[in-house]
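Below are the chains, spelled out letter by letter.
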Amino acid sequence: MNRYLLPLSALGTVVGGAVLLKDNVAGGVCPSKATIPGKTVIVTGANTGIGKQTAFELAKRGGNVILACRDMEKCEAAARAIRRETLNHHVNARQLDLASLKSIREFAAKINEEEQRVDILVNNAAVMRCPHWTTEDGFEMQFGVNHLGHFLLTNLLLDKLKASAPSRIINLSSLAHIAGHIDFDDLNWQTRKYDPKAAYSQSKLAIVLFTKELSRRLQGSGVTVNALHPGVARTELGRHTGIHGSTFSSTTLGPIFWLLVKSPELAAQPSTYLAVAEELVDVSGKYFDGLKQKSPAPEAEDEEVARRLWAESARLVGLEVSHVSSVREQPLPR
């Protein structure tokens, strides 16, 4: 019997070490224990993956959580599951299709009318490397959903967020933004040969630029906004990449993926951290890689590009000049 103890002990050490290494590589859990009773939270794309887990984490901390999703059947099912698991009955589903400006306006109007406050807005929903699809309004799908949809939604909820200050906006970007470039001559890929990877990277770069410019405009308002890369997670977001269905990926690269790819539970920790951590109450305009603040790509720091993208985004979504001007302008440093 004793001859098995050493191998079993060694195996336990190896497995335990591997798990600890995975946690270290993939990031950690939210270090904040802060709760948010009475605070109203909106999480887009919350019926599955990181969004659903973020909604669960914030419901567990006492928030009044609104799941904003396109597919209401899945959204209602997610809300029921979260209510059941957290015993928090203030978890509700609302319809929001970020590929439709009409749907975004209707959702925002309903929130502004029915909710007394909005304390936390988590812009989580995304489309990744899909075919060359367009939104209801003719925008390239990834740029339209990932950036323009959230750009309009956020602007339409700003008055409510400012009235609820201190409040927070969390924008989910991606490490892929470093490969992105904002092509103002063809933002919607109408003349270039479509490249789904480049389109995805452009949309995620746009999110960081939007975050920077919005933070500048919101100085002194009590509303903060930050962007983050949650890490690579095992979610439905990667369904168009073909990685999960590849035999090579699942066998040869399986151990590497296991080490580097996060579960939705772990990938939701950065969003949770930015939403609740008391030490981040005054932090704004920053980019986080997991739980750590990092410098984004150089183009993401370009204030002129950020300002130009804001103006073009407002034009594309038909945001009224009066509404845009309600976001207090701050002069660029000379």
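All figures in this text were calculated on a predicted structure; none of them were measured in a lab.

What is the right way to look at the environment of Ala199 in this model?
Structurally, Ala199 can be placed in helix α6 (residues 196-217). The buried category is assigned to Ala199, whose relative accessible area is 0%. Counting along the chain gives 56 residues from Ala199 to Phe143, while the straight-line C-alpha distance between them is 7.1 Å. If sequence neighbours within four positions are ignored, Ala199 has contacts with Glu140, Gln142, Trp189 and Tyr194.

Help me understand the sheet that holds strand β1 (residues 40-44) in this model?
Neighbouring strands of a sheet are bound in pairs by backbone hydrogen bonds; such pairs are parallel or else antiparallel. Pairing is mixed in the open sheet, where 8 strands are placed in the order β3-β2-β1-β4-β5-β6-β7-β8. Each having just a single partner strand, β3 (91-95) and β8 (292-294) make up the two edges of the open sheet. Between one strand axis and the next, the sheet turns through 25 degrees on average, direction left out of account. Note: strand β7 (residues 287-289) against β8, 3 bridges, orientation antiparallel. Residue pairing across strands places Tyr287 opposite Lys294, the latter belonging to β8. Helix-sheet contacts for helix α4 (residues 101-114) involve β1, β2 (64-69) and β3, and the interaxial angle to β3 is about 140 degrees.

I keep staring at the packing of helix α5 (residues 141-163) against helix α11 (residues 303-317) and nothing clicks. Help me out?
The relative placement of two packed helices comes down to the angle between their axes together with the axis-to-axis distance. At a closest axis distance of 10 Å, the pairing of α5 and α11 adopts a crossing angle of 85 degrees. Judged by the inter-axis angle, α5 sits roughly perpendicular to α11. For the pair formed by α5 and α11, the contact residues are Phe143, His147, Leu148, Phe151, Leu152 and Asn155 on the first element and Leu309, Trp310, Ser313, Ala314, Leu316 and Val317 on the second. Here the contact of α5 with α11 is composed, by residue class, of 9 nonpolar, 3 polar and no charged.

I would appreciate a short explanation of the pattern of salt bridges in the present structure.
Under the defined criterion, the tally for this structure stands at 11 salt bridges. Two residues, Lys60 and Glu57, come together in a salt bridge whose shortest N-O distance is 3.5 Å. Of this pair, Lys60 and Glu57 both sit in helix α2 (residues 49-60), 3 residues apart, which is roughly one turn of that helix. In this structure, Glu115 engages Arg94 in a salt bridge whose closest nitrogen and oxygen atoms are separated by 3.1 Å.

Hey, could you run me through the environment of Cys75 in this one?
Position of Cys75 among the secondary structure elements: in helix α3 (residues 72-86). Looking at Cys75, the relative accessible area reads 0%, which means it is buried. Sequence separation between Cys75 and Gln95 is 20 residues, and the spatial gap between their C-alpha atoms is 8.2 Å. Setting aside chain neighbours within four positions, we find Cys75 in contact with Asn47, Leu67, Cys69, Ala93 and Arg94.

Help me out: how do you make sense of α11 in this one?
Residues three or four positions apart in an α-helix share a direction because the helix packs 3.6 residues into each turn. Relative to the 21 Å expected for 15 residues at 1.5 Å per residue, α11 spans 21 Å between its end C-alpha atoms, a close match to the ideal helical length. Buried within α11 we find Val305, Ala306, Leu309, Trp310, Ser313, Ala314, Leu316 and Val317. Axial view of α11: buried residues confined to an arc of 165 degrees, hence all on one face. The outward face of α11, more than 90 degrees from its buried face, is lined by the exposed residues Glu304 and Arg315. Put simply, Asp302 is the residue that caps the front of α11, since its side-chain oxygen is 3.0 Å from the backbone nitrogen of Glu304. Backbone geometry just downstream of α11 places Gly318 in the positive-phi region, at approximately 70 degrees.

So what exactly am I meant to see when it comes to the packing of aromatic side chains here?
For any two aromatic rings, the description comes down to two numbers: the centre-to-centre distance and the angle of the planes. For the coordinates displayed, the defined rule picks out 4 aromatic pairs. Considering the side-chain rings of Phe210 and Trp310, the 5.8 Å spacing of their centres and the 40 degrees angle between planes classify their relative orientation as tilted. With Phe210 in helix α6 and Trp310 in helix α11, the pair connects residues that are 100 residues apart, well separated along the chain. Of the two residues, Phe210 and Trp310, neither departs from the other in class, the shared state being buried.

Would you explain the side chain of Thr272 in this entry?
Assignment of secondary structure puts Thr272 in helix α10 (residues 269-276). For Thr272, a relative accessible area of 0% corresponds to the buried category. Of the polar contacts made by the side chain of Thr272, one reaches the backbone oxygen of Ala268; its length is 2.9 Å. In this structure, Thr272 is in contact with Cys30, Glu57, Leu58 and Arg61, ignoring residues within four places of it in sequence.

What counts and how
Residues numbered from 1 in each chain as written. Predicted model: local features only at pLDDT ≥ 70, side-chain atom pairs only at ≥ 80, totals over all residues. Heavy atoms only, no water. Helix = DSSP H or I, 4+ residues; strand = E, 2+ residues; numbered from the N terminus. Buried < 20%, exposed > 50% of the residue type's maximum accessible area, 1.4 Å probe, protein only. Contact = heavy atoms within 4.5 Å. Pairing = 2+ DSSP bridges. Axes fitted to C-alpha atoms, helices over the stretch in contact; angles between N-to-C directions. Parallel < 35°, antiparallel > 145°, perpendicular 65-115°, else oblique. Nonpolar A, V, L, I, M, F, W, Y, C, P; charged D, E, K, R; others polar. Salt bridge = Lys/Arg side-chain N within 4 Å of Asp/Glu carboxyl O. Expected span 1.5 Å × (residues − 1). Arc of directions from axis to C-beta. Polar contact = N/O pair within 3.5 Å; in protein donor to acceptor, adjacent residues only side chain to side chain. Phe/Tyr/Trp six-rings, centres within 6.5 Å; stacked < 30°, edge-to-face > 60°.

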